[in-house]
Amino acid sequence: MNKATKLIVTVLLLAAFGGAAYFSVFQTGRLEGGPDGLAGRLTGAVQTQELEGLISLDVEPYFNDPRVQKALADNGFKLKVVRIGSRDMADRVVPGQTPDFFFPSGVVAANQIADAARKANVASGMYSPFYSPMVIASWAPIARVLAANGMAKEVQPKVWSVDTVQLTRLMLDNKRWRDLKGAEAYNVSKSVLVSTTDLRKSNSAAMYLALTSYALNGGDIVTDRATAEKMARGVAGLFKRQGYQENYVNGNFDDYVSIGIGKTPMAFIYEYQIMTHALAQKGIGADMVLMYPAPTLFNKEVFVSTSERARKLGDLLSTNATLQRLAVAHGFRIADTGHFVQTANAAGLAVEERITEVIDPPSFELMGSMIDVVSREMSQ
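Definitions and cut-offs
Residues numbered from 1 in each chain as written. Predicted model: local features only at pLDDT ≥ 70, side-chain atom pairs only at ≥ 80, totals over all residues. Heavy atoms only, no water. Helix = DSSP H or I, 4+ residues; strand = E, 2+ residues; numbered from the N terminus. Buried < 20%, exposed > 50% of the residue type's maximum accessible area, 1.4 Å probe, protein only. Contact = heavy atoms within 4.5 Å. Areas by Shrake-Rupley, 256 points an atom, 1.4 Å probe, with all protein chains shown as cover. 1 Å grid on protein atoms, 1.4 Å probe; cavity = no way out; pocket = protein on both sides within 12 Å on 5 of 7 lines; lining within 4 Å. Points joined across faces, edges and corners; volume = space filled by probe spheres on them. Salt bridge = Lys/Arg side-chain N within 4 Å of Asp/Glu carboxyl O. Phe/Tyr/Trp six-rings, centres within 6.5 Å; stacked < 30°, edge-to-face > 60°. Polar contact = N/O pair within 3.5 Å; in protein donor to acceptor, adjacent residues only side chain to side chain. Core = buried A, V, L, I, M, F, W, Y, C linked by side-chain atoms within 4.5 Å.

Engineer: I tried to follow the overall build of the protein on my own but got confused; where do I start?
Structural biologist: The helix and strand inventory of the protein stands at 15 helices and 10 strands. Here the protein holds 380 residues, and 51% of them are scored as buried. In the protein, the share of contacts with a sequence separation of at least 24, taken over all contacts with a separation of at least 6, comes to 74%. A total accessible area of about 17,600 Å² is found for the protein, and carbon and sulfur atoms account for 50% of it.

Engineer: Quick question: what am I supposed to make of empty space enclosed by the protein here?
Structural biologist: Remark: the empty space left among the atoms is shown by a probe the size of a water molecule rolled over them. Counting across every chain of the model gives 1 cavity of 30 Å³ or more. A volume near 80 Å³ is recorded for the largest cavity. When residues of the lining of the largest cavity are traced back to their parent elements, those giving at least two are strand 6 (159-163), helix 7 (164-172) and helix 8 (203-216). Per-element tally for the lining of the largest cavity: the top contributor is helix 7, with 4 residues.

Engineer: Sorry if this is basic, but what is going on with the pattern of salt bridges here?
Structural biologist: Think of it this way: side chains of opposite charge can pair up when their charged atoms draw near. Tallied over the entire structure, the rule returns 11 salt bridges. Connected via shared salt-bridge partners are D115, R118 and K119.

Engineer: Help me out: how do you make sense of the packing of aromatic side chains in this one?
Structural biologist: Remark: the centre distance and the inter-plane angle together describe each pair of aromatic rings, the angle taken between the planes. Following the criterion strictly, the structure yields 16 aromatic pairs and no others. Seen from their ring centres, F103 and F130 are 5.8 Å apart, and the 35 degrees between their planes marks the pair as tilted. You can see F103 sitting in strand 3 (residues 101-103) and its partner F130 sitting in strand 4 (residues 125-139), a full 27 residues away along the chain. Each member of the pair, F103 as well as F130, is classed as buried. Geometrically, the ring pair formed by Y131 and F298 is tilted, given 4.9 Å between the ring centres and 35 degrees between the ring planes. Taken together, the positions of Y131 in strand 4 and F298 in strand 9 (residues 296-305) put the pair 167 residues apart, joining distant regions of the chain. Accessibility expressed as a relative area gives 25% for F298, which makes it partly exposed. By way of ring pairs, the aromatic residues Y62, F63, F101, F103, Y127, F130, Y270, Y272, F303 and F332 are connected into one cluster.

Engineer: Hey, could you run me through the side chain of N320 in this one?
Structural biologist: On the secondary structure map, N320 appears in the loop between helix 12 (308-319) and helix 13 (321-329). Of the polar contacts made by the side chain of N320, one reaches the backbone nitrogen of T322; its length is 3.0 Å.

Engineer: Please explain the nonpolar core as it appears in this structure.
Structural biologist: Where a protein is soluble and globular, its nonpolar side chains tend to be buried together. If you look at the biggest cluster of nonpolar residues, it comprises 102 residues, and the most contacted ones within it are L146, L167 and M266. Setting aside residues no more than four positions away along its own chain, M266 makes contact with I136, A137, S138, I142, L146, L167, W177, V192, L193, V194, S195 and M291. Counting 14 residues, the second-largest nonpolar core is a separate cluster that includes A117, A120, V302 and V304.

Engineer: What's the story with the environment of L316 in this structure? I'm lost.
Structural biologist: Of note, L316 is situated in helix 12. The sequence separation of L316 and P129 amounts to 187 residues, and the corresponding C-alpha distance is 8.9 Å. Ignoring sequence-local partners within four residues, the contact set of L316 consists of L72, N75, F77 and L323.

Engineer: Got a minute to help me understand helix 7 in this structure?
Structural biologist: An α-helical turn contains 3.6 residues, so a residue and the one three or four places further along point in the same direction. The set of residues buried in helix 7 consists of T164, V165, L167, T168, L170 and M171. At its buried positions, helix 7 is contacted by strand 4, helix 6 (140-148), strand 6, helix 8, helix 9 (225-240) and strand 8 (288-294). Two or three places before V165, at the opening of helix 7, D163 has a side-chain oxygen 3.0 Å from that residue's backbone nitrogen. N174 sits one or two positions beyond helix 7 and adopts a positive phi of about 60 degrees.

These figures come from the coordinates and say nothing about function on their own.
Shown next, in the form of structure tokens:
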């Protein structure tokens, strides 16, 4: 065989091999698997997977952020998300019709989804990429009154710690601000109350119920139905006496910011709300302070996967440095607490770096029972 013939044979063999590889990789569907797929490795291209999910209001701005969408696309994901209430998500676990993932606000709703998935024989996984402590947004005069009555202390400028049990007892005793020692700082006839959103609709109000039931129960988490119903009846007045309550997460905080101390001396909120406010406004008002209940709760944003593809997304949200730092840009805490604190301070917001007094809410069954009890009391 002369050299020309050998060259032709070699070219034909290479062409045949290339065609077989093309057919194997591109025509048989082996592009699946995103950037880790064989085609992605051969071509250097990131193959996009489209996932559908249901998300809470808390994380909607995060997923709407073009920077987040680009980071997801760079890692092979394009998401179609729909916002619904966290408590409604478990009802969407239907065999054959379940979305790829859920992203509710809080472990209570996440556990409810996981339980529904188990009953429907749908495999699920849980991830907690970021979280937000429950805090009280307040004002310097309010903090000084509470300090004068031995239930609050300033741990750093504009950051206070407030005793959860003492504050709850004070409110349950129907005390008014003018009755307290040092009332000249806020001498009004209003009842001492922490404002919340509507318990019947809002997860943050449910967290307040979990916290106040703990305080009323002698500093113990509610663990049985009889105690849950008793504690719920005991703290129902803390919701009923507030009057009208907003039924969406930002309503309570908006009143705090826009109307001020007259209407909202203390607002129970997610820390991320005041963080995003500070990031947007480059600081907070001169008299605004942040109070951390001791103990408090962490509200985890829990990613629940119900497909294999979504498991990879859960891992990505939890570990990818870009996506984690963008979560901080939307006010959430991540494992890198130092980066969160640096971002907050740069935005003119002082925060407590290490929060050590933290409790868990009761189980989702007991929380549901307590919410039902308080809802009935509020309707009477």
